[in-house]
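The residues making up each chain are set out below.
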Amino acid sequence: MSEVLINYTMKLYITVLAALFIISCNSPASRVSKTDSVRVLVSDSAASEKPVRVFKGLYTFGNEVNTFQDCSSKKVYWVNDSLASLRDQYEKTNRFPSYPYESVYSEVKGYLSGKSGLGYASEYENVLVVNEIIKIEAKNFKTDCYNYEFIALGNEPFWSLDIIPEEKRMVLKEVGEEKVYEFIYSPTNTGGGVYRYEAVNPAKDKLVVVIREEKCSDGMSDRKYNYSAEVTVNGRIYKGCAIKKGDKFTE
């Protein structure tokens, strides 16, 4: 009888220990949040010690990319936004038609949790944990930390061309036909107030851009531009106006 009692007591003891282990693993003091390609362990006590502040910058989402480039420091962080749903807002805000890895301007509240050793996050020096979205919007010529060289635009049909040396690309959007043409950035040939760009992409689309320093009107507003633009792609000509980064013009 004593041997049976001892065996029963040992089994009961093991069962209680297992139950306590399961409860501790599921307690709110240690929870696991998921990103698309990395699991980040977040401790309540550790998170409470991190200073929460506002971050302003350019957010990019895509295959193997979930990053935030801070406007002030220019540093790029991996993003953990399981609470803020930044990805959903990105997909709703991105300008249509959009191109792969097009960034959007965003302002968020969060904290830096340190370098991760897991997945794609390990390629970045820090992880930005986002817990509140303040603002998210498509980039435009007024976005301070959007370092374009020129933005050209026109109507009838509506189109726009962003020349972005920092991203090593030039992107033409033909809104009416829902087309996007991407080209690798090539430095301009400049002379006599004329800026000329030429490029050919892997699809054999040919781009020629001529921007002239002269007064220009878009025909739809009272805004006066300091540059005119003529963009030719595959023989089709688009005419409009252009804005140079840092340019001042009359609204």
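The notes below deal with the structure included here. (Residues numbered from 1 in each chain as written. Predicted model: local features only at pLDDT ≥ 70, side-chain atom pairs only at ≥ 80, totals over all residues. Heavy atoms only, no water.)

1. Regarding the nonpolar core
Side chains of nonpolar character tend, in soluble globular proteins, to be buried together. With 22 residues, the main nonpolar core has Ile163, Tyr197 and Ile211 as its most contacted residues. Elements with a minimum of two residues in this core: strand 8 (150-154), strand 9 (159-164), strand 10 (169-174), strand 11 (179-184), strand 13 (194-200), strand 14 (206-217), strand 15 (224-233) and strand 16 (236-244). With residues up to four places along the chain from it excluded, the contact list for tyrosine 197 reads Glu149, Phe150, Ile163, Met170, Tyr185, Ser186, Pro187, Thr188, Leu207, Val208, Val209 and Ile211. (Core = buried A, V, L, I, M, F, W, Y, C linked by side-chain atoms within 4.5 Å. Buried < 20%, exposed > 50% of the residue type's maximum accessible area, 1.4 Å probe, protein only. Helix = DSSP H or I, 4+ residues; strand = E, 2+ residues; numbered from the N terminus. Contact = heavy atoms within 4.5 Å.)

2. So, unusual backbone geometry
Of the consecutive residues glutamate 156 and proline 157, the connecting peptide bond is found in the cis state with omega at 0 degrees. Counting through the fold element by element, proline 157 comes out in the loop between strand 8 and strand 9. In the Ramachandran plot, lysine 74 falls in the positive-phi region, its phi being about 70 degrees despite a non-glycine side chain. Secondary-structure assignment places lysine 74 in the loop between strand 4 (65-70) and strand 5 (76-80). Even without a glycine there, the phi angle at glutamate 156 is positive, about 55 degrees. Classification of glutamate 156 by relative accessible area gives exposed; the value is 76%.

3. Looking at the state of the cysteines
Taken as a whole and assessed by the stated rule, the structure comprises two disulfides. The disulfide bridge from cysteine 71 ends at cysteine 145, spanning 2.0 Å between sulfur atoms. With cysteine 71 in the loop between strand 4 and strand 5 and cysteine 145 in the loop between strand 7 (127-137) and strand 8, this residue pair connects regions lying 74 residues apart in the sequence. Its relative accessible area of 8% is what places cysteine 145 among the buried residues. At a sulfur-sulfur separation of 1.9 Å, the disulfide partner of cysteine 216 is cysteine 241. What sets the handedness of the cysteine 216 and cysteine 241 disulfide is the S-S torsion sign, and at about -75 degrees it is left-handed. Separated by 25 residues along the polypeptide, cysteine 216 in strand 14 and cysteine 241 in strand 16 bring together distant segments of the chain. We note that cysteine 216, like cysteine 241, is buried. (Disulfide = S-S within 2.5 Å.)

Worth remembering: the numbers are spatial, not functional.
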